[in-house]
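So the chains spell out like this:
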Amino acid sequence: MKYFKSEILSERVIRIIELGGVCCYLVIGDKKACLLDTGSGYGNIKEYVDTLTDKPVFVILSHAHYDHMGGAALFEDVYINLEDLPVFRKHGDMTTRYEEAQRIPETKTIPYSDMIPTRMKPMKGIKNGDIFDLGNVHIQMISVSGHTPGMMCPLIQEERTIIFGDACGVSVLLFDEYSSCVSEYLKSLEVLKTYENDYDTIYRNHGTFFSEKSLLDNVIECCHLILTNQDDHIPVEFHHYHLYAAKETNEFHRIDGKEGNILYSLDKAK
Ligand SMILES: [Zn+2]
């Protein structure tokens with residue numbers, strides 16, 4: 001079964017898309033390479049990465065959800081914000097991961113034996129402001145807690161590119177026991193906004209993988225609307241949870257044409 005394909009985005013950045021449509025990013029410096037996220041762990045992403053670069057590769061996980069940390073066990077050096085370790089333990093449950101694979105038509109036939117077992121070895125901690133030098137490429141880590149407590153956005157400085165990942169996107173999920181409430185999430189986004197002059201390009205890990213810079217302002221606006229009870233407050237079902245969309249959508253597209261939305265549970269609307 002073929003699990004991966006890739007797109008060259010620049011001289012130093014490659015997007016790797018796994019079966020099912022989640023992507024991660026490989027950043028290649030003069031000395032080493034960094035894999036930003038590892039997908040869901042369907043097939044061996046390390047073997048695939050080795051076909052793309054001959055530099056030594058280490059991993060930074062943006063957060064601990066199953067569709068970002070699935071291949072982490074394949075690599076020696078793995079970094080994560082340690083505040084996400086409780087999330088890692090929950091999402092690392094192999095039964096849960098396999099059930100997630102079976103939920104999606106493209107991945108439901110993946111044999112269990114092709115799923116990479118969850119990483120058990122310790123990971124190294126990262127925190128806000130950490131900078132990784134790959135050799136003429138630097139990755140700066142920005143903490144954007146909300147979706148998860150340890151959620152981080154990597155800023156690839158020389159590329160003027162930031163990976164928003166699940167931190168800020170077309171349907172930011174704020175509902176489980178590890179997510180922030182909207183007002184705390186808004187504080188994170190306001191900090192993220194202070195980096196706006198450092199990037200021109202926003203990439204994400206799902207959907208179209210790309211957003212215009214207006215995305216951040218649109219999601220900030222959603223926060224304000226939720227907090228003042230002025231959002232569209234559209235009921236939506238997500239994995240059997242009863243959530244609300246801040247803005248009305250037709251599938252993932254807002255009907256007002258803007259991009260950026262929040263799906264939240266009622267207890268987070270404060
Ligand atoms: Zn996530």
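Please read all numbers here as calculations on a predicted model, not as lab measurements.

Asker: What is the right way to look at the coordination of the zinc ion in this model?
Answerer: Coordination of the zinc ion by the protein involves His 63 (NE2), His 65 (ND1), His 147 (NE2) and Asp 166 (OD), with metal-donor separations of 2.1 to 2.2 Å. One can describe the donor arrangement at the zinc ion as irregular, given that its four donor atoms subtend angles of 87 to 169° at the metal. Positions of the donor residues of the zinc ion, expressed as sequence spacing, correspond to H-x1-H-x81-H-x18-D. According to the relative accessible area criterion, His 63 is buried, its value standing at 0%.

Asker: Is there a simple way to explain the UniProt feature "domain: Metallo-beta-lactamase" (unreviewed entry) in the protein chain in this structure?
Answerer: In this numbering, the UniProt entry assigns the feature "domain: Metallo-beta-lactamase" (unreviewed entry) to residues 21-206. The span residues 21-206 shows a helical share of 21% and a strand share of 23%, and its end C-alpha atoms are spaced 7 Å apart.

Asker: What should I look at first to understand helix α6 (residues 214-227) in this one?
Answerer: An α-helical segment advances 3.6 residues per turn. Residues three or four places apart therefore align on the same side. An ideal rise of 1.5 Å per residue puts 20 Å on 14 residues; α6 measures up with 20 Å between its terminal C-alpha atoms. Within α6 the residues assigned to the buried category are Leu 215, Leu 216, Asn 218, Val 219, Ile 220, Cys 222, Cys 223, Leu 225 and Ile 226. In this structure, the buried residues of α6 make contact with β12 (172-174), α5 (182-193), β14 (210-211), β18 (253-254) and β19 (262-264). Backbone geometry just after α6 places Asn 229 at a positive phi near 55°.

Asker: Whenever I open this one, the sheet that holds strand β13 (residues 201-203) confuses me. Can you help?
Answerer: Strand pairs in the sheet, formed through backbone hydrogen bonds, run parallel or antiparallel to each other. Sheet architecture is open: six strands sit in the order β8-β9-β10-β11-β13-β14, paired in mixed fashion. Edge strands, defined here as strands with exactly one partner in the open sheet, are β8 (131-133) and β14. Sheet topology note: the strand β10 (residues 152-156)/strand β11 (residues 161-163) ladder contains two bridges and is antiparallel. Each residue of the ladder has a partner; that of Ile 156, found in β11, is Thr 161.

Asker: Quick question: what am I supposed to make of the pattern of salt bridges here?
Answerer: Following the criterion strictly, the structure yields 16 salt bridges and no others. Across the salt bridge formed by Arg 160 and Asp 200, the nearest N and O atoms sit 2.7 Å from each other. Note that Arg 160 is positioned in the loop between β10 and β11 and Asp 200 in the loop between α5 and β13, a separation of 40 residues in sequence. Measuring nitrogen to oxygen at the nearest pair gives 2.9 Å for the salt bridge that ties Lys 193 to Glu 196. Through salt bridges with shared partners, one network takes in Lys 193, Glu 196 and Asp 217.

Asker: Sorry, what's going on with the pairing of strand β3 (residues 23-28) here?
Answerer: Taken residue by residue, a regular strand's side chains alternate between the two faces of the sheet. For β3, the buried fraction is high: six of the six residues fall into the buried class. Taken together, the five bridges between strand β2 (residues 13-18) and β3 define a ladder with antiparallel strand orientation. Paired with Ile 16 across the bridge in β3 is Cys 24. Here β2 folds back onto β3, and the loop between the two strands holds four residues, one of which, Gly 20, carries a positive phi near 105°. The sheet contact formed by β3 and strand β4 (residues 33-36) spans four bridges and is antiparallel. Among the inter-strand pairings, Tyr 25 is bridged to a residue of β4, identified as Leu 36.

Asker: I would appreciate a short explanation of the sheet that holds strand β5 (residues 57-60) in the present structure.
Answerer: Strand order in the open sheet made by the seven strands is β1-β2-β3-β4-β5-β6-β7, with mixed pairing throughout. With one partner strand each, in any of the chains shown, β1 (4-8) and β7 (124-125) form the two edges of the open sheet.

Asker: I tried to follow the packing of aromatic side chains on my own but got confused; where do I start?
Answerer: Counting across every chain of the model gives eleven aromatic pairs. Note on Phe 4 and Tyr 48: the rings are 5.4 Å apart at their centroids and 35° apart in plane angle, and the pair reads as tilted. Taken together, the residues span a long stretch of sequence, with Phe 4 in strand β1 and Tyr 48 in helix α1 (residues 45-50) at a distance of 44 residues. When sorted by exposure, Phe 4 lands in the same class as Tyr 48, which is buried. Their ring planes at 40° and their centres at 6.2 Å tell us that Tyr 244 and Tyr 264 sit as a pair that is tilted. Linking Tyr 244 in strand β16 (residues 241-245) with Tyr 264 in strand β19, this pair joins segments that are 20 residues apart in sequence.

The rules behind the values
- Residues numbered from 1 in each chain as written.
- Predicted model: local features only at pLDDT ≥ 70, side-chain atom pairs only at ≥ 80, totals over all residues.
- Heavy atoms only, no water.
- Donors = N, O, S within 2.8 Å, 3.2 Å for Na, K, Ca; no water.
- Tetrahedral: all angles 85-135°; square planar, octahedral: opposite > 155°, others 65-115°.
- Buried < 20%, exposed > 50% of the residue type's maximum accessible area, 1.4 Å probe, protein only.
- UniProt positions renumbered as here; feature names shortened; annotations may be inferred.
- Helix = DSSP H or I, 4+ residues; strand = E, 2+ residues; numbered from the N terminus.
- Expected span 1.5 Å × (residues − 1).
- Contact = heavy atoms within 4.5 Å.
- Pairing = 2+ DSSP bridges.
- Salt bridge = Lys/Arg side-chain N within 4 Å of Asp/Glu carboxyl O.
- Phe/Tyr/Trp six-rings, centres within 6.5 Å; stacked < 30°, edge-to-face > 60°.

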